[in-house]
Amino acid sequence: MGILILALAGVGLHQLWPREPASPPYLIGDPQGDWGFPSPMSHHPRGPGYVRVSFLFDTLIWKDAQGFVPALAQRWEYRPSPPTYIFHLHPQARWHDGTPVTAADVAFTIDYLRRYPHPWVDVRPIRRVEVTGPHTVQMELERPYAPFLEEIAGTMFILPRHIWQGVQDPARFQEPRAAIGSGPYRLAEYRREHGLYRFVAFEEYYQGKAAVPELAFGQVGNELLAVKGKAVQAAAIPPEAAPELTALGLTVASQPHFWCLKLLFNHDRFPMQEPAFRRALAHAVDLRDLVSQTLRGHGLPASPGLLPPDSPWYHPPATGYPFNPAAARELLASLGFRATPRGWERQGETLELELLTVPAQARVAEYLKKSFQEIGLGLRLRQVDYTVLDQRVKTKQFDLALSGHGGLGGDPKILQDVVVGPLAAEFLGGYQASPELARLLSEQLYVVEVARRRELVARIQECLARELPSLPLYFPTQYFAHDGRVPWFFTKGGIAKGIPLYFNKLALLPRGGSPPAP
């Protein structure tokens, strides 16, 4: 089948574990395919990479459709003075090689992440870790930390100490042992060139063996044709295909608007470093028409404050950028540019910029090129894949770039992460936050009183709208279809720290992902 660039299991592939009895694999299609080796320290730091690892590794707690639920920690408690979380591990939890999971593994993981920081998990708020029993560990915090449960306990994969204690280059540790976790599946196969991940159910999993014996992710050229043709059992689909697939008996679901496409600026280069220039480009784009033309109406114009209306932390900023080409031209002129038949000139040079994009955003790139041409600004387009785009943004080898991220339904710490935190390099191209914004981003992390924190998060959204470090473009309405064999559900706020994907491993477990939280 020409549309399917997919390697099925067992075709002369490297086997990491003895093969399970033959059974049809449950196959999930993905257009990119490879998201890095599936270990906690080497997966590509985007949602699909993390989700693949989540089938192999567990965190202390997890989330279902309603909120936090037990995972490796079967219960937990909080003591306010000094601020301390106490986790009681499930005594039956085992690593895939049969070694028991203990509190020492948890303490080791935190120490390891201090030495080798993970871009998604910041353990610095933890002052001290104490193992008080084989299955009990307590973490004393430097001070009350509002995102602790979601950002640390619910996102940090626990590592097996007996495997990782001698590893000094975690990103390059990609042996089969690096994929030994405590999750419901074992890694059976990984083929980078085909983006193939094949997992087999872990018989001794402490929450019960997964209902699907074999699960795989594979690269497909056309997700819609793959799911219609039953080459895969689940995949993202275009919104227009929802009625047809529903009529064919497939289950179709949409999800909240927790992903945002943004126009990124290189803040180390003129004129992108100038707020007036960024505002000019904001006025040059008709966001409602952009949604209509490129998403066929299936989405929402983004807020300049970044958080979507679906988020419980959303605040509509007072500052907005209605479509106004005349205002855009005035702002360009204010920077010393002069309108000429060749475009905007300054100091004898005509302004022309390059826009990096991935193939999936080609239509948006063309729309922006046309919009900017209408105000006299020349734009060259260059297509690359996400890995190259992320790297070029991180190393500031770009003028403008189209990129997006999720995490917008989870804890508002995402605002700190993408503006001044560990993800800022990938999403803000050297932006330096104003002292007021930097203070607010930090202060909101340590306020546990919800109403007060909500006020701070609202002020952050106002600052982002004024300073416009990036230009949020739209929140797409994303759909996915599956054959109904697995009761996939949307995780409250998104998986872990807010990944807006349906593939929560709890859907595969006997309990169906809805145990009561303590």
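Overview of the structure. (Residues numbered from 1 in each chain as written. Predicted model: local features only at pLDDT ≥ 70, side-chain atom pairs only at ≥ 80, totals over all residues. Heavy atoms only, no water.)

To continue, consider helix H9 (residues 325-334). It helps to recall that an α-helix has 3.6 residues per turn; residues three or four apart then point in one direction. Those residues of H9 that fall on the buried side of the exposure criterion are Ala327, Ala328 and Leu332. Angularly, the buried residues of H9 cover 140° about the axis, an arc narrow enough to put them on a single face. In H9, the exposed positions angled more than 90 degrees off the buried face are occupied by Glu330 and Ser334. Buried positions along H9 lie against helix H7 (275-284) and strand E16 (343-346). Positive phi appears at glycine 336, one or two residues downstream of H9, with a value of about 95°. (Buried < 20%, exposed > 50% of the residue type's maximum accessible area, 1.4 Å probe, protein only. Helix = DSSP H or I, 4+ residues; strand = E, 2+ residues; numbered from the N terminus. Arc of directions from axis to C-beta. Contact = heavy atoms within 4.5 Å.)

Where strand E4 (residues 73-79) lies against strand E5 (residues 84-89), six bridges are found, and the strand directions are antiparallel. Bridge pairing links tryptophan 76 to phenylalanine 87 in E5. (Pairing = 2+ DSSP bridges.)

A few words now on the side chain of histidine 405. Mapping histidine 405 onto the fold places it in strand E20 (residues 400-405). In this structure histidine 405 comes out as buried when scored by relative accessible area, which is 6%. A polar contact is formed between the side chain of histidine 405 and the side chain of lysine 262, at a distance of 3.0 Å. (Polar contact = N/O pair within 3.5 Å; in protein donor to acceptor, adjacent residues only side chain to side chain.)

Tallied over the entire structure, the rule returns 37 salt bridges. Between arginine 115 and aspartate 111 there is a salt bridge whose closest N-O contact spans 3.3 Å. Residue arginine 115 and its partner aspartate 111 are both found in helix H2 (residues 103-115); the two are separated by four residues, about one turn of the helix. Since its relative accessible area comes to 43%, arginine 115 is described here as partly exposed. Residue classification places aspartate 111 among the partly exposed positions, given a relative accessible area of 37%. Three or more residues are tied together by salt bridges with common partners; here these are Arg127, Arg128, Glu130, Glu140 and Glu142. (Salt bridge = Lys/Arg side-chain N within 4 Å of Asp/Glu carboxyl O.)

Here strand E1 (residues 26-30) lies mainly inside the structure; five of its five residues are buried. In E1, alternate side chains face the same way, and those of Tyr26, Ile28 and Asp30 on one face and Leu27 and Gly29 on the other are all buried. Inspection of the sheet shows E1 paired to strand E10 (residues 214-219) by five bridges, in the parallel sense. What sits directly across from leucine 27, in E10, is alanine 216.

This next bit is on the packing of aromatic side chains. What the rule picks out here adds up to 27 aromatic pairs. Centroid distance tyrosine 85 to phenylalanine 148: 4.3 Å. Interplanar angle 10°. Geometry classified as stacked. Taken together, the residues span a long stretch of sequence, with tyrosine 85 in strand E5 and phenylalanine 148 in helix H3 (residues 148-153) at a distance of 63 residues. You'll find tyrosine 85 and phenylalanine 148 in the same group, each marked buried. Geometrically, the ring pair formed by tyrosine 112 and tyrosine 116 is tilted, given 4.7 Å between the ring centres and 45° between the ring planes. Among the aromatic residues, ring-to-ring pairing joins Tyr26, Phe55, Tyr185, Phe199, Phe217, Phe258, Phe480, Trp488, Phe490, Tyr502 and Phe503 into one connected group. In this structure, lysine 505 packs its charged tip against the face of tryptophan 62, placed 4.4 Å from the ring centre. (Phe/Tyr/Trp six-rings, centres within 6.5 Å; stacked < 30°, edge-to-face > 60°. Lys NZ or Arg CZ within 6 Å of the ring centre and 35° of its normal.)

Within soluble globular proteins, side chains that are nonpolar tend to cluster in buried spots. Membership of the largest hydrophobic core comes to 108 residues, with the highest contact counts inside it found for Leu60, Phe87, Phe148, Trp164, Tyr185 and Trp488. The dominant element in this core, judged by the number of residues it contributes, is H2, at six residues. Residues in contact with phenylalanine 87, not counting those within four places in the same chain, are Leu60, Ile61, Ala73, Arg75, Trp76, His135, Thr136, Val137, Met139, Phe148 and Ala153. Counting residues in hydrophobic clusters, the runner-up holds 48 residues, among them Leu261, Ala365, Tyr386 and Val393. (Core = buried A, V, L, I, M, F, W, Y, C linked by side-chain atoms within 4.5 Å.)

Here we take up the environment of alanine 276. As for its position among the elements, alanine 276 is in helix H7. Since its relative accessible area comes to 16%, alanine 276 is described here as buried. Each C-alpha atom of the pair alanine 276 and histidine 118 lies 35 Å from the other, and the pair is 158 residues apart in sequence. Beyond its immediate stretch of four places on either side in the chain, alanine 276 contacts Leu331, Ser334 and Leu335.

With that settled, consider the packing of helix H14 (residues 435-443) against helix H15 (residues 450-467). The interhelical angle for the contact between H14 and H15, taken along N-to-C directions, is 150°, at an axis separation of 9 Å. Considering the angle they form, H14 stands roughly antiparallel to H15. Between H14 and H15 lies a crossing of left-handed hand. Of the residues in H15, those touching H14 at Glu436, Leu437, Arg439, Leu440, Leu441 and Glu443 are Arg452, Leu456, Arg459, Ile460, Cys463, Leu464, Arg466 and Glu467. Considered class by class, the residues forming the contact of H14 with H15 number seven nonpolar, no polar and seven charged. (Axes fitted to C-alpha atoms, helices over the stretch in contact; angles between N-to-C directions. Parallel < 35°, antiparallel > 145°, perpendicular 65-115°, else oblique. Left-handed = near helix turned anticlockwise from the far one by under 90°. Nonpolar A, V, L, I, M, F, W, Y, C, P; charged D, E, K, R; others polar.)

Listed as buried for helix H11 (residues 386-394) are Tyr386, Leu389, Asp390 and Val393. Buried residues of H11, viewed axially, fall in a sector of 95°; they line one side. Where H11 starts, the residue carrying a side-chain oxygen 3.1 Å from the main-chain nitrogen of threonine 387 turns out to be aspartate 385. Positive phi shows up at lysine 396, right after H11, with a value of about 60°.

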